[in-house]
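Coordinate analysis (summary)
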There are 4 protein chains.
Amino acid sequence: MQLKNGAEYMESLRRLHPRIYYKGEPVSDVTRHPATAPHVRAAAMTYALAAKPQYRDLATAVSHLTGRTISRFTHVHQSIEDLIKKIKLLRVLGRKTGTCFQRCVGFDGINAVYSVAYEVDQAHGTDYLERFKQWLIAIQDENKMVVGAMTDSKGDRAKGPAQQADPDQYVRVVQRRPDGVVIRGAKLHMTGAVNSHEVLVMPTTALDESAGDYAIVCAVPIDAPGITLIFGRQAGDDRRDQLERIDVGKPRFGAVGGEAVIAFEDVFVPNERIFLNGETAFTGSLVYRFAAHHRANYGACKTGLMDVLTGAVTYLAQIQGTAKGSHVRDKVTEMIHLSETLYSSSIACSAEGAPTPSGAYLVDTMLANVCKQNVTRFHFEVARLAVDIAGGFIATLPSEYDLESEAVGHIVEKYFSGVSGIPVRERIKIGRLIEAMTGGTAMVESMHGAGSPQAQRIMIFREGRLAEKVKLAKALAGIPQRRQGKQKSD
Amino acid sequence: MQLKNGAEYMESLRRLHPRIYYKGEPVSDVTRHPATAPHVRAAAMTYALAAKPQYRDLATAVSHLTGRTISRFTHVHQSIEDLIKKIKLLRVLGRKTGTCFQRCVGFDGINAVYSVAYEVDQAHGTDYLERFKQWLIAIQDENKMVVGAMTDSKGDRAKGPAQQADPDQYVRVVQRRPDGVVIRGAKLHMTGAVNSHEVLVMPTTALDESAGDYAIVCAVPIDAPGITLIFGRQAGDDRRDQLERIDVGKPRFGAVGGEAVIAFEDVFVPNERIFLNGETAFTGSLVYRFAAHHRANYGACKTGLMDVLTGAVTYLAQIQGTAKGSHVRDKVTEMIHLSETLYSSSIACSAEGAPTPSGAYLVDTMLANVCKQNVTRFHFEVARLAVDIAGGFIATLPSEYDLESEAVGHIVEKYFSGVSGIPVRERIKIGRLIEAMTGGTAMVESMHGAGSPQAQRIMIFREGRLAEKVKLAKALAGIPQRRQGKQKSD
Amino acid sequence: MQLKNGAEYMESLRRLHPRIYYKGEPVSDVTRHPATAPHVRAAAMTYALAAKPQYRDLATAVSHLTGRTISRFTHVHQSIEDLIKKIKLLRVLGRKTGTCFQRCVGFDGINAVYSVAYEVDQAHGTDYLERFKQWLIAIQDENKMVVGAMTDSKGDRAKGPAQQADPDQYVRVVQRRPDGVVIRGAKLHMTGAVNSHEVLVMPTTALDESAGDYAIVCAVPIDAPGITLIFGRQAGDDRRDQLERIDVGKPRFGAVGGEAVIAFEDVFVPNERIFLNGETAFTGSLVYRFAAHHRANYGACKTGLMDVLTGAVTYLAQIQGTAKGSHVRDKVTEMIHLSETLYSSSIACSAEGAPTPSGAYLVDTMLANVCKQNVTRFHFEVARLAVDIAGGFIATLPSEYDLESEAVGHIVEKYFSGVSGIPVRERIKIGRLIEAMTGGTAMVESMHGAGSPQAQRIMIFREGRLAEKVKLAKALAGIPQRRQGKQKSD
Amino acid sequence: MQLKNGAEYMESLRRLHPRIYYKGEPVSDVTRHPATAPHVRAAAMTYALAAKPQYRDLATAVSHLTGRTISRFTHVHQSIEDLIKKIKLLRVLGRKTGTCFQRCVGFDGINAVYSVAYEVDQAHGTDYLERFKQWLIAIQDENKMVVGAMTDSKGDRAKGPAQQADPDQYVRVVQRRPDGVVIRGAKLHMTGAVNSHEVLVMPTTALDESAGDYAIVCAVPIDAPGITLIFGRQAGDDRRDQLERIDVGKPRFGAVGGEAVIAFEDVFVPNERIFLNGETAFTGSLVYRFAAHHRANYGACKTGLMDVLTGAVTYLAQIQGTAKGSHVRDKVTEMIHLSETLYSSSIACSAEGAPTPSGAYLVDTMLANVCKQNVTRFHFEVARLAVDIAGGFIATLPSEYDLESEAVGHIVEKYFSGVSGIPVRERIKIGRLIEAMTGGTAMVESMHGAGSPQAQRIMIFREGRLAEKVKLAKALAGIPQRRQGKQKSD
């Protein structure tokens, strides 16, 4: 691993020159810009953990390609143990950053592309896997951060890629050259994009034969010519931009992952960086495997966040004098219960994982979908409970400027106290932490990250093996099994 | 009504000189300061409606004290019809402002103090009601805005007012003079305080005899000497402070009510403005009636907000091409269902209202508590559904500065489009509206405004008439009713 | 009112001779047969209350047709007050019987047919309302019980009445004669049918012109030639059939309403008893008004049942020694909260009721649908909470035969005791009451009675005024309102 | 394994002579009595599976004591793989029986006693484990069914064992003899008791030193002198007693496990069958480990039942013509989602299992508690959804006697049809299956089996590691960690 810790990671970012905009202005150094630095620090934690002995087993792995020790975030899962270690690593990172640390999308993209490239090669005699391995070995050896770029802008959602008024609403090949292709389009909501080294482009949906130009998987350096990134706006980002220390809630880290638009305005990709090109029949598998891996993660990282939130309200209740209330304990119990329910599915879909033909392990897809579906409910409920326990002051608290003010600082100090002897500032800080972790952007991410709820429901229904369950019911009810032909789910 | 419309209201505010701070700086004109102006505009809508023929019946009433037409927000309810008209008025205002319009707290305070003052006078031979009527007539005639000030800072929640290390954690009389009293303490989360004319101070909890100095009800002009207001911070206020036009979501109105700390640093109150002074036995009734009226309102104004949110996601779904999806329709149905369930309780507790001994009508307290309890659940669920339908872009959207930027504006324009022919700006605006209405502060207000959930549960249990229900069950089970003495709820 | 009390009602039933089957055998006297008698007693309570001074105001009304005092269950609502009194009456009856008392279906049928007949007459110059009034005056004067018969057998639910393989799956006219019509088909789930005097037949769905033979509204005596009733099976009916006294839970009343199939095997109906005949355009209104009235009721009668259940678990907790547990209190609080939330909608849809052109009052249809929708959720949750508080013994308790047994009675007596001094039999009886009120049939009724959940959701969506809400949202987001043509709900 | 299949198991039961009562009468042969035979058949399935090649790997294990192949239900878990195979076995059995197959309680008792006996021996120099192994080897070799007997009758729940008015409300030693002890008391809700060979008695709660006589763990043959069993009553048992074939829903199996009171009226237990005797300090661990194992199971067996229910409503929707409705698909999706969420926790708590000092593996206790807690919610919700999809006819359907009746059978045949060509009887049977699986007793079992919900909540709170989480929150909020002494969970 060339990049051995957070500092080296940051240094490496400074050597890149991506074209990034935020609030209408260019961002020249993501490691220092107040809007992006908190997210860089969160990603840096993935590098930092690998350097700490107590986390080394979780945070690193041995490459099956090279035998060298690599960051787990660049590893292709070789066993159930790998899948479970990943889950535990993500929970630790969620606990340490209280936010998204962004490396999963690339990680999951790597795993999805690896297994699918193998299958395409088997079917078509292509050499995608070999190309991919070469690229991946470099990523592993240099310990680069990769943003997995899947979600297209989509335009009119009632229409497919090839039916859009503007054909660029899904990333596509606009020119084919002997040495590569030129792509155009945009990927939205790209977590960690501005502080990644590479983009791994993948289609966002299963495609049919008519949409061959949209069936493109490839890798592009983040600062390739033609790429522009626009860093999105988040709840509370203005406070960060002002370099506030208390009201941001989490002084070192962002509210959530830090998303960007990645616009590809005619970007050239050489052949050796192309891992799928027109084989539409495999896009469904690719999307589905990526989604499954990614959905599996949410019960781990978000549980880490909920651990933080549970600790925050517990501490706040202690210093406000409400911790012994039976209803407070019951709500804290519920927060833990929901968190651990989510975690269960992440562990379970890993424990039930299985190898794909390539040897790369895939999680149990049903349980991974179930996991993410619950995140879209339980994280909201956990946040609601946290707000309930915290009390109304997190919505009406004067700013840190008032706290520091000569004119009114004494009023804030006096009237936002809690249990005698606890510094007022602690109550305010913990209140701001809860505000940051339960507000808008953070919650939206739990809803739509790794796919919107309906996407999971479609998969849950499809994988529900209803014909088999109909048989069970008929057997118990004493009904003959004769009409197999009709036992479809519909 | 001296103040006949929004403009006159704003003008009247400019004539006052309250001491207000926000972000460490004094605010000299609340009607123009970017942080407070949106809230002033929302309150102004309560004045504006009274001037419009189609809302006149809801927005005004005939004073039972003077026979003159007054703003309903200064009226003492004289009938069930009054209670129901109030509910309908609040829903209209919620729909027109999409936020808190702040006049309910004073309105409910007036109604609670009126009925309790009558009963104190009956019991103690005092003349509180007469004093109160004189004050109220002036409020009605001038159509002043009153902030009902109840919630104390509370310090250590495990201790009562008189047990605090700092005795000022609940507002109290620190000096008694022949011509009045001097009060000290602070009221927190005071909705509409910075743009009110008067403060109506009330105790925050039922007090026992040992806490006589805390049993004080009185009215104080907002700019009385010794009063300092600190305007609290909200999610998204920085965008308003920057005078952004799109990213604020609701360009004209605030995210929620605009709360302030009201610090009373030894404020003198003359006798004629004192409406309760030491009669601790009546504080329970006062708090409870205020709470009941206030809780009743939440099923009306919040339903108005949910109407807006329902409209917003419906429109967004239309212009994104998702409106025909069965799961989208089902989620919209659920949003309506939950909204109307809330509204039911507001209507029902009004329809089941009854006169107090003073003649002022009180809502059914059980149903009012039920109403607010559901707000603490359903508004969150409605927001969650809105976020689900809206899609992830509301959390990752580039800023309006990017949209306007020469460098990257074309990318935002191109890739945030939806259904062909709809201006991209409309999609962005409606997305920002949803972001503003589902984010942090707005939701916290629904949780804790009018009392935290546990406050309602305590009342619901107490008013549950369990002994009566035990009798019903025993009758049906064929168990004799003999042991009346033991049929307590515990 | 010819039938002045429960005894007279029962006597009147003995004078009828309907053809009834239960468990394959004919039932000759429904007032004495163990399967039907509990249901007859529940219906008799509607007669008994009218005779008691304290309930007279709720249980009776003054006929707008005759000026005579009649049972409210035969009344056409003339005011909001009527609608609200009905709701209160139903809750009382739910509390006194702990079950369905069956008269609502006829009551709601009367109200729906009355207002629609007026409108048909206006449109077509028919005299349906006059015929109906004549029939209704007799019902009122004699205080007869009417079963409103709407739900058809429906066959293949994917097809309409006229598309069925068997055209009789919806009740239809099979022969038209000068003096009347002959009808065939069956109405299912007919609550109270076996102990009604009359059947009021109505179509079950909005019909189009092709289905004219299905557009028939008429009244038929319960013992008319060609009618056969088959009394359905319920959870726990075997215990009643064995005349058990403890294990039935509610010794005097049934688990739920007592439903029957009413088969019409070519039943003749004379013209004066026909109130709609082929006017398909009005079937939608008829079904919808009936449904709205009926759905409004569920928040009243079921709340009465939940009151009983709340009392039952409270008492059980007291005698088991668990009543002081904070989690028990919290669950009881939740039971009350959910009950009163339901009740809110029943009150609210009545308070917001309005006159139809006929003068008959109709509830607010949105709020009535909301009401029933919540019943399909909250009654289940209330039952779940009751089961939680009650403890596992309600599922494993030995029978009353064991309790009475010489061999093992002492074991049951010893080991099912609770708090010292409470007769074991009381704990068992209350346990059996809870078992009866939370088990299968009772819950299914709350799900599907007055229409299955999806039926309400369709109406809630339709009545959601989405175009209006879209306007609100656009106004607040600063979007021009120009494209009215596209602001449809889809 | 002496008992190699279901037939041999049944034969072995006929050789025993336990004293059993049901409905006041003795039961001489549990394998043939209509009330008990369905439960015997469900337990027999655990024997039958071991004989089938495709289930052999799940249904058997290799004894770590003897190296011989044994039924997994008599095995002491030696690995995570063992824990996971158990989960998979239970789901298969739930799917094949649609009910409780009863062998888990003994299985879990064996595992709990084994690991605790080791620790008691280590602490006290006793030889409990050796005694237990001898007993267990016999159980394994003969493949006996053991009922784990934990739940005492408890009397007044506000008091502990030693504080009861009647000291026998918890099973206790009433006489100590050189060769053993005499015990008295009763165990309630004993699943599978009447068709077990042995009873494994365990205390029901953590005991303190004053309660030494209650700290008794021992094994007793089911037909030991002094033991009386009273078989409890279930919803629908009368239909089974009448040997009905359709209306029972599941003709071959019971609604739920078949519970009995086991009364110990001074039963002698020889020393070699005593595995704990007075060492109160270990009772907490014993109860907790038993509970953890048992709670882990519920996400497996109940998921099996929900699979059946999901299949049943799917089939019913198909033959009623509703399967293509989007709301039906969505509800089926939700049923699957909830089922798999439960299953996740069973898998996860197994995958996260760990060895106890004895070498026996224990599940992750937090996740096991979470699992059961969700069963108390989700099984109810799944049942509610099933009832929703099924339609109201499952509550009003005429009996099978009517179906067979010459008089009215044709009416049932005609009017309970669905999609053309499907035998009516199939629709009725599947309806009855749903009725049986969603009714009273079955649901109560999911609530209280393996401990009532509050029992899980207490453990979830205790194991929530709140101090650790407070540290995380403080770190992120920038609060120093100094006050370790106060970071308690309360």
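Each chain carries its own residue numbering, running from 1 in the direction its sequence is written. Following the order in which they are written, the chains are lettered starting with A and the ligands numbered starting with 1. In keeping with the predicted nature of the model, local features appear solely for residues at pLDDT of at least 70, side-chain atom pairs appear and are counted solely at 80 or more, and the whole-chain, interface and lining totals rest on all residues. As a rule here, side-chain values cover all heavy atoms of the structure and leave hydrogens and water aside.

**A short note on the overall build of chain A**
- Per the convention used, a helix needs a DSSP run of H or I reaching at least four residues, while a strand needs a run of E reaching at least two, with both numbered from the N terminus. Broken down by element type, chain A carries 16 helices and 14 strands.
- Within these notes, the globule rule equals 2.2 Å times the number of residues to the 0.38 power, and the radius of gyration is based on C-alpha atoms. The C-alpha radius of gyration computed for chain A amounts to 24 Å, which stays within 12% of the reference 23 Å derived for 490 residues, consistent with globular compactness.
- Structurally, chain A occupies a C-alpha span of about 75 × 70 × 50 Å along its principal axes.
- Across the 490 residues in chain A, those meeting the buried criterion constitute 70%.
- Note on areas: these come from Shrake-Rupley sampling with a 1.4 Å probe, and a residue is covered only by the protein chains present in the view. Just so you have it, chain A exposes about 14,300 Å², and 50% of that area is on carbon and sulfur atoms.
- Seen as two clouds, the 60 positive and the 53 negative side-chain charges of chain A have centres 5 Å apart. Only protein chains enter the accessibility calculation, which uses a 1.4 Å probe. A residue is then buried if its area is under 20% of the maximum for its type, exposed if over 50%, and partly exposed in between. As used throughout, the charge tally considers Lys and Arg to be positive and Asp and Glu to be negative, leaving His and the chain termini uncounted. Positions of charges follow a simple convention, taking NZ of Lys, CZ of Arg, CG of Asp or CD of Glu.

**A look at the UniProt feature "domain: HpaB/PvcC/4-BUDH N-terminal" (unreviewed entry) in chain A**
- In the UniProt entry, the feature "domain: HpaB/PvcC/4-BUDH N-terminal" (unreviewed entry) is given for residues 6-276 of chain A.
- In this annotation, residues 6-276 of chain A is assigned 33% helix and 23% strand; the end-to-end C-alpha distance for the span is 33 Å. UniProt positions are given in the numbering used here, feature names are shortened, and annotations may be inferred rather than shown by experiment.

**Describing the interface of chain A and chain B**
- At the junction of the two partners, chain A supplies 80 residues and chain B supplies 80 residues.
- As used here, buried area is the combined drop in accessible area, with a 1.4 Å probe, of two parts when they are placed together. Across the chain A to chain B interface the summed buried area is about 6,200 Å²; carbon plus sulfur atoms make up 60%.
- Its largest share of buried area at the contact with chain B, chain A owes to Arg233, Arg384 and Tyr415 of chain A, together 13% of the area lost on that side.
- When a carboxyl oxygen of Asp or Glu lies within 4 Å of a side-chain nitrogen of Lys or Arg, that pair is called a salt bridge. At the junction of chain A and chain B, the tally comes to 8 salt bridges.
- Two residues, Arg233 of chain B and Asp247 of chain A, come together in a salt bridge whose shortest N-O distance is 2.5 Å.
- The term polar contact refers here to a pair of N or O atoms within 3.5 Å; inside protein, the definition further demands a hydrogen-donor-capable atom paired with an acceptor-capable atom, and it admits residues adjacent in sequence only when both atoms are side-chain atoms. For the pair chain A and chain B, the number of links is 36 residue pairs in polar contact (both at pLDDT 80 or more).
- It is helix 10 (residues 365-390) of chain A that contributes the most residues to the side of chain A that touches chain B, 6 residues altogether.
- Residues were grouped as follows: Ala, Val, Leu, Ile, Met, Phe, Trp, Tyr, Cys and Pro as nonpolar; Asp, Glu, Lys and Arg as charged; and all remaining residues, including Gly, as polar. A per-class count over the side of chain A that touches chain B returns 29 nonpolar, 28 polar and 23 charged. Residue contacts follow a heavy-atom distance rule, with two residues in contact if any of their heavy atoms lie within 4.5 Å.

**Some thoughts on the packing of helix 9 (residues 326-351) of chain A against helix 9 (residues 326-351) of chain D**
- Fitted lines through C-alpha atoms serve as axes, helices being fitted only where they are in contact, and the angles separating the N-to-C directions of these axes extend from 0 to 180 degrees. For the pair helix 9 of chain A and helix 9 of chain D, the least separation of the axes is 7 Å and the interaxial angle reads 70 degrees. Between helix 9 of chain A and helix 9 of chain D, the interaxial angle falls into the category roughly perpendicular. Here Thr341, Ser344, Ser345, Ile347, Ala348 and Ala351 of chain A of helix 9 of chain A come into contact with helix 9 of chain D, specifically with Thr341, Ser344, Ser345, Ile347, Ala348 and Ala351 of chain D.
- Looking at the contact of helix 9 of chain A with helix 9 of chain D residue by residue, the class counts come to 6 nonpolar, 6 polar and no charged. Angular relationships are summarised with four words: roughly parallel below 35 degrees, roughly antiparallel beyond 145, roughly perpendicular across 65 to 115, and oblique for the angles in between.

**So, the side chain of Gln140 of chain A**
- Locating Gln140 of chain A in the fold gives a position in helix 6 (residues 128-142).
- Given the relative accessible area of 0%, Gln140 of chain A is considered buried.

**So, empty space enclosed by the protein**
- Every definition here rests on a 1 Å grid over the protein atoms only: cavities are sets of points where a 1.4 Å probe fits but cannot get out, pockets are open sets enclosed by protein on both sides within 12 Å along at least five of seven lines, and lining residues have some atom within 4 Å of a point. Grid points are joined across faces, edges and corners, and a volume is the space filled by probe spheres set on the points. In this model, the largest cavity occupies a volume close to 490 Å³.
- Ala235, Gly236 and Gly440 of chain A together with Ala235 and Gly236 of chain B are the residues nearest the centre of the largest cavity, which is lined by 36 residues in total.
- Counting only elements with at least two residues in the lining of the largest cavity, the list comes to helix 7 (237-241), helix 13 (424-438) and helix 14 (440-448) of chain A together with helix 7 (237-241), helix 13 (424-438) and helix 14 (440-448) of chain B.
- Considering every element that reaches the lining of the largest cavity, the biggest residue donor is helix 7 of chain B, with 4 residues.
- Residue classes in the lining of the largest cavity are distributed as 11 nonpolar, 11 polar and 14 charged.
- As a volume, the second largest cavity reaches approximately 180 Å³.
- The wall of the second largest cavity is formed by 17 residues, among which Phe380, Thr438 and Met443 of chain A together with Thr438 and Met443 of chain B lie closest to the centre.
- Across the lining of the second largest cavity, the residue classes tally to 9 nonpolar, 6 polar and 2 charged.

**Observations regarding the UniProt feature "domain: HpaB/PvcC/4-BUDH C-terminal" (unreviewed entry) in chain A**
- Sites flagged by UniProt as "domain: HpaB/PvcC/4-BUDH C-terminal" (unreviewed entry) map to residues 284-478 of chain A.
- Measuring from the first to the last C-alpha atom of residues 284-478 of chain A gives 39 Å, for a span that is 75% helix and 2% strand.

**So, the interface of chain B and chain C**
- With 73 residues of chain B at the contact, the number on the chain C side is 73 residues.
- The contact between chain B and chain C buries some 6,100 Å² in all, and 61% of this surface belongs to carbon and sulfur atoms.
- At the boundary of chain B and chain C, one finds 12 salt bridges.
- Across the salt bridge formed by Glu334 of chain B and Arg377 of chain C, the nearest N and O atoms sit 2.7 Å from each other.
- Where chain B packs against chain C, one counts 18 residue pairs in polar contact (both at pLDDT 80 or more).
- Elements represented by at least two residues in the side of chain B that touches chain C include exactly helix 4 (80-97), helix 8 (283-320), helix 9 (326-351), helix 10 (365-390), helix 13, helix 15 (453-462) and helix 16 (466-477) of chain B.

**A short note on the state of the cysteines**
- When two cysteine sulfur atoms are found within 2.5 Å, that pair is recorded as a disulfide. Applying the stated criterion across every chain yields a total of 0 disulfides over all chains.
- The structure places no disulfide on Cys371 of chain A, whose sulfur is separated from the nearest cysteine sulfur, that of Cys349 of chain A, by 5.8 Å.
- With no disulfide partner, Cys301 of chain B has as its closest neighbouring cysteine sulfur the one in Cys104 of chain B, 5.9 Å distant.
- A residue is classified by how much of its surface remains accessible, and Cys301 of chain B, at 11% relative accessible area, is buried.

**Description of the relation of the copies chain B and chain C**
- C-alpha atoms of residues with pLDDT of at least 70 in both copies form the basis for the least-squares superposition of the copies. Between the two copies, chain B and chain C, the superposition gives an RMSD of 0.0 Å; the rotation angle is 180 degrees and the shift along the axis is 0.0 Å. Classification of the inter-copy transformation places it as that of a two-fold axis. Closest approach to the rotation axis among the C-alpha atoms of chain B is made by Ala348 of chain B, whose C-alpha sits 2.3 Å away.
- Interface overlap between copies: 100% of the residues of chain B at the interface are likewise at the interface in chain C, consistent with a symmetric, same-surface contact.

**So, the pairing of strand 9 (residues 216-221) of chain C**
All names here are of chain C.
- Counted residue by residue, strand 9 has 5 buried out of 6 residues, so it is predominantly covered.
- Pairing between two strands requires that DSSP report at least two bridges joining them. Taken together, the 4 bridges between strand 8 (residues 198-201) and strand 9 define a ladder with antiparallel strand orientation. Looking across to strand 9, one finds that Val199 is bridged to Val220.
- Taken together, the 3 bridges between strand 9 and strand 12 (residues 274-277) define a ladder with antiparallel strand orientation. Within strand 12, the position partnered with Val217 by the bridge is Leu276.

**Description of the relation of the copies chain A and chain B**
- Turning chain A through 180 degrees and shifting it by 0.0 Å along the axis lays it on chain B, with an RMSD of 0.0 Å.
- The overlap is high: 100% of the interface residues of chain A also sit at the interface in chain B, so the same surface is used on both sides.

**Overview of unusual backbone geometry**
- Backbone geometry places Arg465 of chain B, a non-glycine residue, at a positive phi of 50 degrees.
- One can find Arg465 of chain B in the loop between helix 15 and helix 16.

**Thoughts on the packing of aromatic side chains**
- Side-chain rings of Phe, Tyr and Trp (the six-membered ring for Trp) are treated as a pair once their centres are within 6.5 Å; stacked means planes under 30 degrees apart, edge-to-face means over 60, and tilted covers the remaining angles. One pass over the structure, following the stated rule, counts 32 aromatic pairs over all chains.
- Between the aromatic rings of Tyr9 of chain B and Tyr47 of chain B, the centroid separation amounts to 4.4 Å while the plane-to-plane angle is 15 degrees, which identifies the pairing as stacked. Placement of Tyr9 of chain B in helix 1 (residues 6-14) and of Tyr47 of chain B in helix 2 (residues 37-50) is noted, with a sequence separation of 38 residues between them.
- Residue Tyr47 of chain B is classed as buried on the basis of its relative accessible area, which comes to 1%.
- Judged by centre distance (5.4 Å) and plane angle (70 degrees), the rings of Phe73 of chain B and Phe107 of chain B are edge-to-face. Pair noted here: Phe73 of chain B is in the loop between strand 4 (69-71) and helix 4 and Phe107 of chain B is in helix 5 (residues 104-124), with a separation of 34 residues, a long-range link.
- Using a relative accessible area of 3% as the deciding quantity, one classes Phe73 of chain B as buried.
- Chaining the aromatic ring pairs together yields one cluster made of Phe73, Phe101 and Phe107 of chain A.
- By the criterion adopted, a ring carries a charge over it if an Arg CZ or a Lys NZ lies within 6 Å of its centre and within 35 degrees of its normal. Over the aromatic face of Tyr47 of chain A sits the side chain of Arg103 of chain A, whose NZ or CZ is 4.2 Å from the ring centroid.

**Digging into the sheet that holds strand 8 (residues 198-201) of chain B**
All names here are of chain B.
- Taking strand neighbours across the sheet as the criterion, the 4 strands line up as 5-8-9-12 in an open arrangement whose pairing is mixed. Only two strands of the sheet have a single partner each, and these edge strands are strand 5 (146-149) and strand 12 (274-277). In this sheet, neighbouring strand axes are inclined to one another by 20 degrees on average, regardless of whether the strands run parallel or antiparallel.
- Packing against the sheet, helix 5 makes contact with strand 5, strand 8, strand 9 (216-221) and strand 12, and its axis sits at approximately 65 degrees to strand 5.

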